Amino acid sequence: MIGNHEMLFNHVIELLKKRGVTVDDIADLVIFLQKDYIHGLTHADAAESVRIVLQKREVQNAIMTGIQLDELAEKHQLDQPLQEILEKDEGLYGIDEIMALAIVNVYGTIGFTNYGYIDKVKPGILQVLNAHEPGIIHAFLDDLIGATAAAAASRLAHQHPELEDDQDVYTD
């Protein structure tokens, strides 16, 4: 029998696939964020970091909740004015970003800066998710994917403390 932890992980991977997002897509974002800092970072290492982030329960919960809300909005099953807010992906709504911050916080404050940057420039799959095509709503998913990439990039940064700008500041 598959354990609850593995079942949730696989469920989240399937939900993401159903919405057009793969671990490789998110790994591409991780490389985008870390290419100037971790030289020699491989796609395999980035993808492994994404998988580790996706195994965290709070990440899984945020992704499942956000996808469910996006899907309900696509089916016009939310009450107004929330339905219209999600359809338009209104910039001042902010709840989608709050859920994303729960993910970036897993690996500390560097996650906030990574997320803010990637949310602003929207590279790769984030540009696709943010296209606002009629009938397709990713009000939550684009932020959750950006946050997952930011957390995975932050996780890798924590593994490379030798890359910190101020490593020689403190001497004995």
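Structure: see above.
Attention in this report is confined to the structure presented alongside it. What you see as residue numbers is a count from 1 along each chain, following the sequence as written. Since the coordinates come from a predicted model, pLDDT governs what is reported: local features require at least 70, and pairs of side-chain atoms require 80 or more to be given and counted, while whole-chain, interface and lining totals use all residues. Hydrogens and water are ignored here; the side-chain numbers use all heavy atoms of the structure.

**Some remarks on helix H3 (residues 43-54)**
1) Next: Secondary structure follows DSSP: runs of H or I at least 4 residues long count as helices, runs of E at least 2 residues long count as strands, and numbering of each begins at the N terminus. Expected span of a helix, by definition, is 1.5 Å for each gap between consecutive residues, and there is one gap fewer than residues. The terminal C-alpha atoms of H3, which comprises twelve residues, lie 16 Å apart, in line with the 16 Å expected from a rise of 1.5 Å per residue.
2) Next: Buried residues are those whose accessible area, probed at 1.4 Å on protein chains only, stays under 20% of the maximum for their type, while exposed residues exceed 50% and partly exposed ones sit between those limits. Regarding H3, the residues found buried are Ala46, Ala47, Ser49, Val50, Val53 and Leu54. Looking straight down H3, one finds that the buried residues subtend no more than 160° of arc, so they occupy a single side.
3) Next: In this fold, the buried residues of H3 make contact with helix H1 (4-18), helix H2 (23-34), helix H4 (57-74) and helix H9 (141-158). To be clear, the arc concerns the directions from the helix axis to the C-beta atoms. In this analysis, two residues are considered to be in contact whenever any of their non-hydrogen atoms come within 4.5 Å of each other.

**Some details on the environment of histidine 43**
1) Next: The topology assignment puts histidine 43 in helix H3.
2) Next: As a C-alpha pair, histidine 43 and threonine 148 span 105 residues in sequence and 15 Å in three-dimensional space.
3) Next: The residues touching histidine 43, leaving out its near neighbours within four places in the chain, are Asp24, Ala27, Asp28 and Ile31.
4) Next: We define a polar contact as two N or O atoms separated by no more than 3.5 Å, with the added condition that, inside protein, one atom must be a possible hydrogen donor and the other a possible acceptor, whereas residues neighbouring each other in sequence contribute only through side-chain atom pairs. There is a polar contact of 3.4 Å between the side chain of histidine 43 and the backbone oxygen of aspartate 24.

**Describing unusual backbone geometry**
1) Next: Proline 81 follows glutamine 80 through a cis peptide bond whose omega is 5°.
2) Next: With respect to the helices, strands and loops of the structure, proline 81 is situated in the loop between H4 and helix H5 (82-88).
3) Next: In this structure, lysine 122 takes a positive phi of about 45° despite not being glycine.
4) Next: Within the element layout of this structure, lysine 122 appears in the loop between helix H7 (110-121) and helix H8 (125-129).
5) Next: The backbone of histidine 132 sits at a positive phi, close to 55°, despite the residue not being glycine.

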